[in-house]
Amino acid sequence: LARAVAKTMLADMCYLVSCRTSQDDLVFHGGYHLIREEECAPTRIIRDRAPTIANAVFRGRVLHLGGDSAPAPDLQAIAEAVGLQDCGNILLIPLATPERSWGAVLLLAPYSNRSWTADDQSYFLTSIDAMVRFLQHATSPESISHSQSTPPPETSSFTTEIESLRSQLDILRQDNQLLLG
């Protein structure tokens, strides 16, 4: 999931994060480093070192941080946890339904220093429903009991959704090339 999001959003790094209770640490379940094209190891940050981000994850809130508006301790804690000097601008998008929260997707821009826009947020939010459906299916008791050789009945809709996202990504890449011209 982190790899697909990093590639779709052109984020330098992407992590799946959670903070289950208001007292829990911020847990990085793993991620993807787009520049190095490799998986990122799981890690955690003590909640007190990144209170703004932990609170946004726990409460299921969208959060943009970077530049002058960012609380330096939060960004510094993330940078240290993932082995960077500076994590750049971040965009945090919750993965949740009214019934359940899976945490959030954290997009980092340490190399490109990309400023995340409202358009980026809107575009990403259009994909959240598909990701949540995937997470719901992946964590449902019936899917856990199925063997890997038996594809779930929803596979065709996921395949269709993936193809749609790939088409959108291709369009964005073309637009990006035109802008960079």
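So, how was this worked out
- Residues numbered from 1 in each chain as written.
- Predicted model: local features only at pLDDT ≥ 70, side-chain atom pairs only at ≥ 80, totals over all residues.
- Heavy atoms only, no water.
- Helix = DSSP H or I, 4+ residues; strand = E, 2+ residues; numbered from the N terminus.
- Buried < 20%, exposed > 50% of the residue type's maximum accessible area, 1.4 Å probe, protein only.
- Contact = heavy atoms within 4.5 Å.
- Areas by Shrake-Rupley, 256 points an atom, 1.4 Å probe, with all protein chains shown as cover.
- Phe/Tyr/Trp six-rings, centres within 6.5 Å; stacked < 30°, edge-to-face > 60°.
- Pairing = 2+ DSSP bridges.
- Salt bridge = Lys/Arg side-chain N within 4 Å of Asp/Glu carboxyl O.
- Disulfide = S-S within 2.5 Å.

Chemist: Before we go on, may I ask you to explain the overall build of the chain in this structure?
Modeler: The number of helices and strands found in the chain is 6 helices and 7 strands. Secondary structure elements of the chain, listed N to C terminal, follow the sequence α-β-β-β-β-α-β-α-β-β-α-α-α. Expressed as a percentage of the 181 residues in the chain, the buried residues total 42%. Counting contacts in the chain only where the partners sit at least 6 residues apart, residues at least 24 apart contribute 58% of the total. Surface accessibility of the chain: about 10,200 Å² in total, with carbon and sulfur atoms responsible for 52%.

Chemist: Any chance you could explain the packing of aromatic side chains here in plain terms?
Modeler: Two aromatic rings are characterised by how far apart their centres lie and by the angle between their planes. Taken as a whole and judged by the stated rule, the model has 1 aromatic pair. Consider the rings of Y15 and F28, whose centres lie 5.1 Å apart with planes at 70°: the pair is edge-to-face. Taken together, the residues Y15 in strand β1 (residues 13–18) and F28 in strand β2 (residues 26–33) connect sequence positions 13 residues apart. F28 shares its class with Y15; the two are buried.

Chemist: Which parts of the structure should I look at to understand the pairing of β1?
Modeler: Side-chain positions along a regular strand alternate between the two faces of the sheet. With 5 of 6 residues buried, β1 lies mostly within the body of the structure. Here 6 bridges tie β1 to β2, and the two strands are oriented antiparallel to one another. Paired with S18 across the bridge in β2 is V27. With 5 bridges connecting them, β1 and strand β7 (residues 101–109) associate as antiparallel partners. Within β7, the position partnered with M13 by the bridge is L108.

Chemist: Honestly, the pattern of salt bridges in this entry has me stumped. Any pointers?
Modeler: A side chain with one charge can pair with a side chain of the opposite charge if their charged atoms come near. Per the stated rule, a full pass over the model turns up 5 salt bridges. Linking R3 and E39 is a salt bridge whose minimum nitrogen-to-oxygen distance equals 2.9 Å. Of this pair, R3 sits in helix α1 (residues 2–9) while E39 sits in strand β3 (residues 38–40); the two residues are 36 residues apart in sequence, bridging distant segments of the chain. Its salt-bridge partner being D25, residue R44 comes within 3.6 Å of it at the nearest N-O pair. You can see R44 sitting in strand β4 (residues 43–45) and its partner D25 sitting in the loop between β1 and β2, a full 19 residues away along the chain.

Chemist: I would appreciate a short explanation of the state of the cysteines in the present structure.
Modeler: Any covalent bond linking the sulfur atoms of two cysteines counts as a disulfide. Enumeration according to the criterion identifies 0 disulfides in this entry. C40 takes part in no disulfide bond, and the closest cysteine sulfur, belonging to C14, lies 8.7 Å away.

Chemist: Help me understand the pairing of β7, please; the structure alone is not making it clear to me.
Modeler: Counted residue by residue, β7 has 8 buried out of 9 residues, so it is predominantly covered. A loop of 4 residues connects strand β6 (residues 89–96) with β7, the two strands running antiparallel in sequence.

Chemist: Is there a simple way to explain unusual backbone geometry in this structure?
Modeler: Negative phi values dominate among residues other than glycine, just as trans dominates among peptide bonds. One non-glycine residue with positive phi stands out, namely L10, at about 55°. When you line up the elements, L10 lands in the loop between α1 and β1. On the basis of relative accessibility, which here comes to 32%, the residue L10 falls in the partly exposed class.

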